[in-house]
Structures are given as C-alpha cells and as structure tokens.
Amino acid sequence: ACCCAVQNLCLSLHNQGFGTKWTTGPVNFDERFAEIVGLNIGESSDDGDSGDSDDSDDNDDDDCIKEFVVGTIWFGIPEKPATAPNKVHEVKDVLIFHT
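None of these values were measured; they are calculated from a predicted model.

Some points on the packing of aromatic side chains
Part 1 of the reasoning: Summed over the entire model, instances satisfying the criterion amount to one aromatic pair.
Part 2 of the reasoning: On the numbers, 6.1 Å between centres and 75° between planes, the contact of Phe18 with Phe75 is edge-to-face. Of this pair, Phe18 sits in the loop between helix 1 (2–15) and strand 1 (19–23) while Phe75 sits in strand 2 (residues 72–76); the two residues are 57 residues apart in sequence, bridging distant segments of the chain.
Part 3 of the reasoning: Here Phe18 falls in the partly exposed class, since its relative accessible area comes to 25%.

The following block contains the structure:
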C-alpha cells in the first residue's frame, strides 16, 4: 500500500510541475534524522521483540517502536523538463502472436 501511495503522490506532484525522487537510503535510518523530523521512536526492547506481536496485553509504550520511516520523497521544481528515454525495441519486435 505504501508503494501505491508514493506512486500516486509522485504522479500528482509531476502533474503540478514538480520533479520527485523516492529514496530509501541510509539517512532514513539515522537516529539524528528521526530526531530532526520529530519521529516518536520510543525505545526498542532488549529481548529482540520487534513489537509486531498480536498480543493485545503487551501495550507497554516504553518497549515498542512507535514510528519509522519507509522512505523519503525529495521534490522540487526541475531546471529543465525531463525527457523520456529512447525506446530500445519497437513493440512489433517484442510482441509474439500465437495462432
């Protein structure tokens, strides 16, 4: 669902004249990034539990990560319009008709 939402956001921004880039680089996982953007990351537990359990009785806010970043979308107004890449093959060269 996240990928679909990101694609729709990028398409919408493109329609309004913005260029976008979705990145999942190391900056997303740096504790300083979380602090700067105000993520509520809490503290992870020392027992290796990722907090993904369906145990509804385990709601200790101090032992689970509350928010995390999946990716960052960079956006802005491009200096020049992007050009479509050259096609490598024509459709007739790669389409096979079965009779």
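Right, picking up where we left off after that structure.
A few points about the confidence of the model for the chain
Part 1 of the reasoning: Residues of the chain with pLDDT of at least 70 account for 76%, and the chain-wide mean is 79.
Part 2 of the reasoning: Note that pLDDT drops below 50 for residues 45–51; the model gives that stretch two contacts with residues more than four away or on any other chain.

Brief notes about the state of the cysteines
Part 1 of the reasoning: Within this structure, the stated rule accounts for zero disulfides.
Part 2 of the reasoning: Between Cys2, a cysteine without a disulfide, and Cys3, which holds the nearest cysteine sulfur, the sulfur-to-sulfur distance is 5.7 Å.
Part 3 of the reasoning: Residue Cys4 stays outside any disulfide, its sulfur separated by 6.8 Å from that of Cys3, the closest cysteine.
Part 4 of the reasoning: Residue classification places Cys4 among the partly exposed residues on the basis of a relative accessible area of 48%.

Conventions and cut-offs
- Residues numbered from 1 in each chain as written.
- Predicted model: local features only at pLDDT ≥ 70, side-chain atom pairs only at ≥ 80, totals over all residues.
- Heavy atoms only, no water.
- Phe/Tyr/Trp six-rings, centres within 6.5 Å; stacked < 30°, edge-to-face > 60°.
- Helix = DSSP H or I, 4+ residues; strand = E, 2+ residues; numbered from the N terminus.
- Buried < 20%, exposed > 50% of the residue type's maximum accessible area, 1.4 Å probe, protein only.
- pLDDT = per-residue confidence, 0-100.
- Contact = heavy atoms within 4.5 Å.
- Disulfide = S-S within 2.5 Å.

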